[in-house]
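These are the residues of each chain, in order.
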Amino acid sequence: MGGALEGVKRVVEFAHPFTLLQLQRAGALSPMTPVAIARSMPWLIGRGPSLGIISRMNATVVGDKPAVHDRDGTLTWEELDQRSNQVANALRDAGLRGDDRVGMLLRNGREMLELILGAQKLGIVACPMNTWAKPKELEATLEDAGLSLIVYDTAHAEQVEKANIDALSGSSPYEDYVRDRSPAPPPPFTRDRGSAKVIIHTSGTTGKPKGASRDASTTGIGPMAHVLSVVPYRRDDIVYCPAPLFHSFGLFTSIVTMMLGSTLVLPEKFDAQGSLEMIEKHGATAASFVPVMIKRILSLDDDVKSRYDLSSMRIVMASGSAMSPDLRKAAMGLFGDVLYDLYGSTEVGWVAIARPDDIRANAKSVGKPVPGTDIAVFTKDGSRAPAGEVGELFIKSDIHFEGYTSGESKEEREGYMSIGDLGRVDEDGFLFIEGRADDMVVIGGENVYPIEVEEIIESIDGVSEASVLGVKDEEYGEVLAAFVVGDASEDQVMETCKSELASFKVPKRVERIDELPRTSTGKVLKRELIRRLQGAEELDD
């Protein structure tokens, strides 16, 4: 009964005037759309809404259109739908049933899409795994995930082996596993319908990654219409996505293309110059980058960047970590006024998006809340902060996650969920992020937000990037330490900070390093910097 009610709810959601308007503007409505809905109705009622339903509809409406270009060539939407049916049938033949979990340790490519869609069609929980994970991290992630089956790229076989997972001995090639299965979809009506869940393991910048469970049906066409009202994605877009699909930003990008029936271009790994080549080769109109990828593209020699025609680009979507004003300005200098900076998290979903006009008007803001999203700013005493005052950010929307696989969740207040950041909303409704709530440093009773100091240091000639964090101090409780990448000297950094900042905000220690340690989405691993500092102090002793 639940599947039928959810199915009816999604049809009503689709027929909402606001949703229809956004889909029309995106060129995503056609005479075949009602036919696709009618053909999908048995599965929508019997198994409930999922990305598998969207795949089936795309096969009907835009079946001959390329769905994905990857290292193995091109798949149309009809071919992708049939391949995902074969995957669903292979999973069923392997004994998996509703709410069982399948792990995916895969590079970006068609296999990830096929498995996610196949799992959705069968009601199996899809668990993309971080291909950057070290063996110990992977072992902990796999133990937490409770998998019934794992599909891994042979390029990562050694990781699986070192993680002490007994999976390699009985494994068989993916193509052999899928090839002979029926391309017909699983039956629409079943007692064991499962759910449309995906478990994303969060970045883990300060500790072990957590499995965040999300029902893919919550990111339906209604909530996606809110995004389309801010970012002008279209059905005829060709979307280049080097952002990893095992994280929420890459998955978000793939869902956008599925919802619209656009085309996705998936390189197996990121390469700065290779990205420019791929954009020109495919005539990409949109791209999804984490900020560190944009930095690496911008660091290419000017003569290299000038070789490529990027005029097809309408949208450069950035997310995963903060973009400095200078980085935003440089990105818009290369790509044009097409930069959209998305702020959100795996747990609460998208929150705000800074559009090109917003960035030009105020390079520090992450924009206004996406329609359907409400932001509350709470002070330390639990009261609502007035406009312009910094506090902890809490988010209300219909796209929150269900909770962590451990049974934990995020803190909630008055129906709003914590995103773990400090920020403020000005009188015009623009959101500004001051940093992680647990990154704030109290020095001699004064609150210091490391992002403010990082922006000053990154404005110095010869500094490419910086990270600032608090370290324990006997006199003040905490002081700041700065880690700097670039040619600027420690003295230069200190002098600039002294001239631009209050004395208590000046770092007491400056460390020059070759590269900041980062997660796969570009977030700085501050715990690694703390370990480095502790190691240096031990040597000093």
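Please refer to the structure placed before this passage.
What counts and how
The numbering scheme is per chain: residues are counted from 1 as the chain's sequence reads. Since the coordinates come from a predicted model, pLDDT governs what is reported: local features require at least 70, and pairs of side-chain atoms require 80 or more to be given and counted, while whole-chain, interface and lining totals use all residues. Derived side-chain values reflect all non-hydrogen atoms in the structure, with water molecules and hydrogen atoms excluded from consideration. Angular values range over 0 to 180 degrees, each being the angle between N-to-C directions of two axes fitted as lines to C-alpha atoms, with helices fitted over their stretch in contact. We count a stretch as a helix when DSSP gives it H or I for four or more residues in a row; a strand needs E for two or more, and each element gets its number in order from the N terminus. Each angle gets one of four labels, with under 35 degrees taken as roughly parallel, over 145 as roughly antiparallel, 65 to 115 as roughly perpendicular, and the rest as oblique. The crossing is said to be left-handed when, going from far helix to near helix, the turn is anticlockwise and less than a right angle, and right-handed when the turn is clockwise. When checking whether two residues touch, look at their non-hydrogen atoms; a contact exists if any pair is within 4.5 Å. Note that Gly is not counted as nonpolar here; it falls among the polar residues with everything else outside the nonpolar set of Ala, Val, Leu, Ile, Met, Phe, Trp, Tyr, Cys and Pro and the charged set of Asp, Glu, Lys and Arg. By definition, two strands form a pair when at least two bridges between them are found by DSSP. A carboxyl oxygen of Asp or Glu within 4 Å of a side-chain nitrogen of Lys or Arg is what we treat as a salt bridge. As used in this structure description, the phrase polar contact means that two N or O atoms lie within 3.5 Å; if the pair is within protein, one of them must be able to donate a hydrogen and the other to accept it, and residues adjacent in sequence are counted only when both atoms belong to side chains. Note on disulfides: each one is a pair of cysteine sulfur atoms within 2.5 Å. A 1.4 Å probe rolled over the protein chains alone gives each residue an accessible area, and that area as a share of the maximum for its type sets the label: buried under 20%, exposed over 50%, partly exposed in between. Each Phe, Tyr or Trp ring (for Trp, its six-membered ring) is paired with any other whose centre lies within 6.5 Å, and the angle between the two planes then decides the class: stacked below 30 degrees, edge-to-face above 60, tilted in between. Should the NZ of a Lys or the CZ of an Arg lie within 6 Å of a ring centre and within 35 degrees of the ring normal, that charge is described as sitting over the ring. The directions from the helix axis to the C-beta atoms are what the arc is built from.

For the rest of this paragraph, the subject is the packing of helix α2 (residues 17-25) against helix α10 (residues 221-228). As a packed pair, α2 and α10 sit with axes 9 Å apart at the nearest point and diverge in direction by 55°. On the basis of their axis angle, the class for α2 and α10 is oblique. Crossing angle aside, the handedness with which α2 passes α10 is left-handed. On the side of α2, the interface is formed by Phe18, Thr19, Gln22 and Leu23, while α10 contributes Ile221, Gly222, Ala225, His226 and Leu228. Taken together, the residues of the contact of α2 with α10 break down into 5 nonpolar, 4 polar and no charged.

With that settled, the discussion passes to the sheet that holds strand β23 (residues 463-473). The strand order across the open sheet formed by 3 strands is β23-β24-β25, and the pairing between neighbours is mixed. Each end of this open sheet is capped by a strand with a single partner; those strands are β23 and β25 (509-512). Taking the axes of each pair of neighbouring strands and ignoring which way they run, one obtains an average angle of 25° across the sheet. Direction of pairing for strand β24 (residues 477-486) relative to β25: parallel, over a ladder of 4 bridges. What sits directly across from alanine 482, in β25, is valine 510. With respect to the sheet, helix α17 (residues 450-458) is in contact with β23 and β24, its orientation differing from that of β23 by roughly 145°.

Take the pattern of salt bridges next. Summed over the entire model, instances satisfying the criterion amount to 31 salt bridges. Aspartate 70 is paired through a salt bridge with arginine 110; the nearest N and O atoms lie 2.8 Å apart. Taken together, the residues aspartate 70 in strand β1 (residues 66-70) and arginine 110 in helix α6 (residues 110-122) connect sequence positions 40 residues apart. Note that glutamate 452 is salt-bridged to lysine 505, the shortest N-O span being 3.0 Å. Here glutamate 452 is found in helix α17, whereas its partner lysine 505 is found in the loop between α18 (490-500) and β25, with 53 residues between them in sequence.

To continue, consider the environment of serine 182. Looking at where serine 182 falls in the secondary structure, it is placed in the loop between α9 (174-179) and β6 (197-201). Sequence-wise, serine 182 and arginine 83 are 99 residues apart; in three dimensions their C-alpha atoms are separated by 9.1 Å. Ignoring anything within four residues of it in the chain, the contact list for serine 182 reads Asn85, Gln86 and Asn89. At 3.1 Å, the side chain of serine 182 and the backbone nitrogen of alanine 184 are in polar contact.

The tally for this structure, following the rule as stated, stands at 0 disulfides. This cysteine, cysteine 241, is not joined by any disulfide, and cysteine 127 carries the nearest cysteine sulfur, 20 Å off.

This next bit is on the pairing of strand β15 (residues 374-378). Burial of β15 is extensive: 4 of the 5 residues sit out of reach of the surface. Strand direction decides the pairing type here: β15 and strand β16 (residues 391-396), joined by 5 bridges, are antiparallel. Note on β16: the bridge partner recorded for aspartate 374 is lysine 396.

Bringing the sheet that holds strand β11 (residues 315-318) into the picture now. Here 9 strands make up an open sheet; going across it, the order is β2-β1-β9-β8-β10-β11-β12-β13-β14 and the pairing mixed. Edge positions in the sheet fall to β2 (73-76) and β14 (368-369), since each of these pairs with one other strand and no more. Packed on one face of the sheet, α6 meets β1, β2 and β9 (263-265) and runs near 25° to β2.

For the structure on display, the rule yields 5 aromatic pairs. Clustering of aromatic rings is evident, with ring pairs tying together Tyr240, Phe289 and Phe335. Over the ring of tyrosine 404 we find lysine 210; its NZ or CZ atom is 4.9 Å from the centre of that ring. It is arginine 384 that lies over the ring of tyrosine 416; its NZ or CZ is 5.0 Å from the centre.

Moving on, we come to α2. Within α2, the full set of buried residues consists of Thr19, Gln22 and Leu23. Within α2, the buried residues cover an arc of 100° as seen down the axis, which keeps them to one side. Opposite the buried face of α2, at more than 90 degrees from it, the exposed residues are Pro17, Gln24 and Arg25. Backbone geometry just downstream of α2 places glycine 27 in the positive-phi region, at approximately 65°.

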